[in-house]
Amino acid sequence: MKWFKKDKKTDEDKKESVTRGLLIFAHPTTVIAVEEVLRDEGYDIRVVSPPPQYRTGCDLSVEFPLSEEATITGMLKTIGLAPMDVMPITSKGMEPLRFIRKKDFGDYLMVRAANMKITVDKRTKVIVNISGGGCPDVPHLATEMLGKRLRDAPNPGEIGFSLCAYSLNTAREEIIRLIGG
Amino acid sequence: MLLLAGAVPVDKLPLIIGKIELTDQGIKIEGNDLNINRGFEAMATSAYLTCMEFGAEAPHGLIAGDIGKRDGSEKVYEYLSDNLPTLGVSVLTLHYIMPDLKRNKKILESIASMENKPFMIADAGSMYVAKTGGDAGCYDIFTPDLGEVAFLADEKADHPTYTRGFIFHMENNVPELIRMAYAAKNVPRTIFVKGETDYICQDGEILKAIDQPCVDAMEPIGGTGDLITGMISGLVSAGKPAAEACMIAGHANRIAGMLTKPTPATQVQDILKHLPEALREAAKIVAG
């Protein structure tokens, strides 16, 4: 009867898996704002890659408890962050890399998240270089952020649009945690 | 003709195609000054200087403004897929662009229809979309950095941001990442891996590892990778084989860095000033 037991387990897995849904957005950086809002509200969410039909090659979505769909989408709509689509999910998406590497150059500190690096003068907290990335908002972000103190520079999660901006924001948050803004 | 294509961070700049000129502040295409000195502009300046140094015709640029909203990237994709067969391009370098799997495949379809296919170099977003679409084999050279070669080694990641942690932690073993990237068919014949040690690879083998001169402060400087892609483009356009072009570019980048005497706050335009001298020196080293 082993086979019967296995089938039962699969059914349970399936039942469990459809309790989660995905919020799909046009830009990865919208997800940063949504993530912050939903975490502050105490929802059990994950930021993950969307399913293949929504992939362009630079995408991010939010996995959430499907039972909260009406409340969450209603709240997001009122604050201007309505998703472009909502769907149930049956498999887990990949999560963005949150690992950080840092390199100390004496007066300067460089932090890297995925493919994005940010370097700051430790004495003045001024951003002196931004490197890496491949999406076109990266040179734009560099233009907007270079030469500014960490606390004065725009947040790449707010003015960027891509996964590179998402990673740059991860690196920026870490460097602020390490040396302050 | 060497055509350099990509998005530039100027919101709403329309699509422009034309010969690249060098100015005191940056580059100019069809009367449009681009003085950003990073990303596409740094790559194009490097390619221009290399072409001049090695006697090749000045490169052409195909650009459109895009600060991440996809508008300019879409124009570049569409222009290329509609017009590439009639442009007379022998070397095509694709650079910063919002990844768009469907539109990139249309460009590749257009290239597949050409009798004389261009030599294809990809970096930045163009390399991401090529890998994620499973199309790396349609290209000739990729120029990843350390974070990007981990992405190329990860058959499941759609973007460097999704590189799985256990692969990200393999960065102290770059030869293994290179082996994995070739095994997964996520890279073209030739790759230049930029890092503390640069690796020039062809057909799965590491042909050359370059680690001297070692200028530690080059790593944080935004745009140094763009210079390498630009030099390789110019050298291939001047008739150098892929591996030799990569070797000259690898040495020249380090020599230019050494001549600049940079700090982590140095900007890439300071390094660009030393590129012609560095290229001459590097060509002598590679010629033996």
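First, a word on scope: everything that follows refers to the structure included in this document. (Residues numbered from 1 in each chain as written. Chains lettered and ligands numbered in written order. Predicted model: local features only at pLDDT ≥ 70, side-chain atom pairs only at ≥ 80, totals over all residues.)

## Topic: the overall build of chain A
Thinking step 1. Helices and strands together make up the secondary structure of chain A, namely 6 helices and 8 strands.
Thinking step 2. When the helices and strands of chain A are placed in sequence order, the string is α-β-α-β-β-α-β-β-β-β-β-α-α-α.
Thinking step 3. Along the longest, intermediate and shortest principal axes, the C-alpha atoms of chain A span 65 × 40 × 30 Å.
Thinking step 4. Among the 181 residues that make up chain A, the fraction classed as buried is 43%.
Thinking step 5. A separation of at least 24 residues holds for 60% of the contacts in chain A among residues at least 6 apart in sequence. (Helix = DSSP H or I, 4+ residues; strand = E, 2+ residues; numbered from the N terminus. Buried ≥ 20, exposed ≤ 12 C-beta atoms within 10 Å, placed from the backbone. Contact = placed C-beta atoms within 7 Å.)

## With respect to the overall build of chain B
Thinking step 1. Scanning chain B from terminus to terminus reveals 11 helices and 11 strands.
Thinking step 2. Computed over C-alpha atoms, the radius of gyration of chain B comes to 17 Å, within 12% of the 19 Å expected from 2.2 N^0.38 for 288 residues, which places it in the range of a compact globule.
Thinking step 3. Summarising its shape, the C-alpha atoms of chain B cover approximately 45 × 40 × 35 Å along the three principal directions.
Thinking step 4. For chain B, with 288 residues in total, the buried portion stands at 58%.
Thinking step 5. In chain B, the proportion of contacts linking residues at least 24 apart, taken out of those at least 6 apart, comes to 70%. (Rg over C-alpha atoms; globule rule 2.2 N^0.38 Å.)

## A look at the sheet that holds strand β8 (residues 126-132) of chain A
Sheet strands pair by backbone hydrogen bonding; their relative direction is either parallel or antiparallel.
All names here are of chain A.
Thinking step 1. Across the sheet, which stays open at both edges, the 4 strands sit in the order β5-β6-β7-β8 with antiparallel pairing between neighbours. A single partner strand is all that each edge strand has here, and the edge strands are β5 (100-104) and β8. Each strand of the sheet is rotated relative to its neighbour by a mean of 20°, with strand direction disregarded. (Pairing = 2+ DSSP bridges. Axes fitted to C-alpha atoms, helices over the stretch in contact; angles between N-to-C directions.)

## Observations regarding the nonpolar core
When a protein is soluble and globular, its nonpolar side chains tend to lie buried together.
Thinking step 1. Grouped together as the largest cluster of nonpolar side chains are 140 residues, with contacts concentrated most on V149, I232, A249 and A252 of chain B.
Thinking step 2. Of the residues forming this core, the biggest block, 9 residues, is contributed by helix α9 (residues 242-260) of chain B.
Thinking step 3. The two domains that each donate at least three residues to this core are domain 1 (2-88) and domain 2 (100-179) of chain A.
Thinking step 4. Beyond its immediate stretch of four places on either side in the chain, I232 of chain B contacts I121, I141, T143, F192, A245, C246 and A249 of chain B. (Core = buried A, V, L, I, M, F, W, Y, C linked by C-beta atoms within 7 Å. Domains from an automatic or database assignment.)

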